[in-house]
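Observations on the three-dimensional arrangement
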Amino acid sequence: ATVTHLDLNYNIIVDVSAQHIAEVLKVNATVAKLDLSCNGIGAVGAQHIAEALKVNATITKLNLCSNEIDAVGTQHIPEALKVNA
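Per chain, residue numbering runs from 1 following the sequence as it is written. Whole-chain, interface and lining totals are the exception, using all residues; otherwise, since this is a predicted model, local features are given only for residues with pLDDT of at least 70 and side-chain atom pairs are given and counted only at 80 or more. The basis for the side-chain values is all heavy atoms of the structure; hydrogens and waters are excluded.

Here's the deal with the side chain of Asn67
By the criteria applied, helices consist of DSSP H or I runs no shorter than four residues and strands consist of E runs no shorter than two, each listed in order from the N terminus. For Asn67, the position within the fold is in the loop between strand S3 (61–63) and helix H3 (71–84). Buried means the residue's accessible area, taken with a 1.4 Å probe over protein chains only, is under 20% of the maximum for its type, while exposed means over 50%, and partly exposed covers the values in between. Overall, the relative accessible area of 16% leaves Asn67 in the buried class. Polar contact is the term for a pair of N or O atoms within 3.5 Å; when the atoms are in protein, one must be able to donate a hydrogen and the other to accept it, and sequence-neighboring residues count only if both atoms are side-chain atoms. Polar side-chain contacts of Asn67 include one of 2.8 Å to the backbone oxygen of Leu64. Residue contacts for Asn67: discarding those within four places in its chain leaves Leu36, Ser37, Cys38, Asn39, Gly40 and Ile41. Contact definition: two residues touch when any of their heavy atoms are within 4.5 Å.

If you want it as structure tokens, here you go:
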């Protein structure tokens, strides 16, 4: 079976974990929906996820709500989506 929806909410994912997830996303060709809500991802983790989104055209839905991403971190995601579009 192919995984197309990955739900990792409430898993105490922090920036280092987000970095590992981002590395996998860079080569992902199947996961379209990723839920990372309600974790401990901060600005650094958001930057890692954003870098992955620049090269990943498969993700169509990403949930990062209820994390610790500050104003600086939130700037990374839309910038990545401009590259990905």
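Considering the packing of helix H1 (residues 15–25) against helix H2 (residues 43–55)
Angles shown run from 0 to 180 degrees and are taken between the N-to-C directions of axes, each axis being a line fitted to C-alpha atoms and, for helices, limited to the stretch in contact. At a closest axis distance of 8 Å, the pairing of H1 and H2 adopts a crossing angle of 0°. Taken as axis vectors, H1 and H2 run roughly parallel relative to one another. In this structure, H1 contributes Asp15, Ala18, Gln19, Ile21, Ala22 and Leu25 to the contact, and H2 contributes Ala43, Val44, Gly45, His48, Ile49 and Ala52. In this classification, the charged set is Asp, Glu, Lys and Arg, the nonpolar set is Ala, Val, Leu, Ile, Met, Phe, Trp, Tyr, Cys and Pro, and all remaining amino acids, among them Gly, are polar. Of the residues assigned to the contact of H1 with H2, the class counts are eight nonpolar, three polar and one charged. Put simply, angles under 35 degrees are roughly parallel, angles over 145 are roughly antiparallel, angles from 65 to 115 are roughly perpendicular, and the rest are oblique.

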